[in-house]
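Single-letter residue listing:
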Amino acid sequence: MEGQPPTPAGPTLREQTLQTLANVKAILEEGGATWDDVMMIRVYLTDVDHFAEMNTLYNAYFEEHLTAAPPARTTVYVGLPQGLLVEIDALAVLDA
């Protein structure tokens, strides 16, 4: 899956993180996958100072949506189009 921006994007990191996770979930479902099929997630942030807030939101989201631990995650800091604070992609593996 290619990285998903927070579309529609709200102005806050909270809104953008939750919208991006919702967008990734919708794409997983379209492909017949769930969060349980996700092996790895990559989070792209524009500001290192956003990590703590994103991490809190991320952990709370997965506590609500999974019974097991969240998938492995890498977080990197990048340039994104103006106004975007976060982008997320996921690698899911489905049984054949």
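Criteria and thresholds
- Residues numbered from 1 in each chain as written.
- Predicted model: local features only at pLDDT ≥ 70, side-chain atom pairs only at ≥ 80, totals over all residues.
- Heavy atoms only, no water.
- Helix = DSSP H or I, 4+ residues; strand = E, 2+ residues; numbered from the N terminus.
- Rg over C-alpha atoms; globule rule 2.2 N^0.38 Å.
- Buried < 20%, exposed > 50% of the residue type's maximum accessible area, 1.4 Å probe, protein only.
- Contact = heavy atoms within 4.5 Å.
- Areas by Shrake-Rupley, 256 points an atom, 1.4 Å probe, with all protein chains shown as cover.
- Salt bridge = Lys/Arg side-chain N within 4 Å of Asp/Glu carboxyl O.

1. Examining the overall build of the protein
Now for step 1: Along the protein, the regular secondary structure elements total two helices and three strands.
Now for step 2: Counting from the amino terminus, helix and strand elements in the protein follow one another as α-β-α-β-β.
Now for step 3: Its C-alpha radius of gyration of 13 Å places the protein within 12% of the 12 Å reference for a compact globule of 96 residues.
Now for step 4: Structurally, the protein occupies a C-alpha span of about 40 × 20 × 20 Å along its principal axes.
Now for step 5: Counting only residues that meet the buried cut, the protein has 38% of its 96 residues in that class.
Now for step 6: Taking all contacts inside the protein whose residues are at least 6 apart in sequence as the whole, residues at least 24 apart take part in 74%.
Now for step 7: About 5,500 Å² of surface is accessible on the protein, with carbon and sulfur atoms providing 53% of the total.

2. Here we look at the pattern of salt bridges
Now for step 1: Evaluated as defined, the whole model comprises two salt bridges.
Now for step 2: We note a salt bridge from E29 to K25, for which the minimum N-O separation is 3.2 Å. Taken together, the positions of E29 and K25, both in helix 1 (residues 13–30) and four residues apart, correspond to about one turn of that helix.
Now for step 3: For E29, a relative accessible area of 47% corresponds to the partly exposed category.
Now for step 4: Exposure remark for K25: the relative accessible area of 28% places this residue in the partly exposed category.

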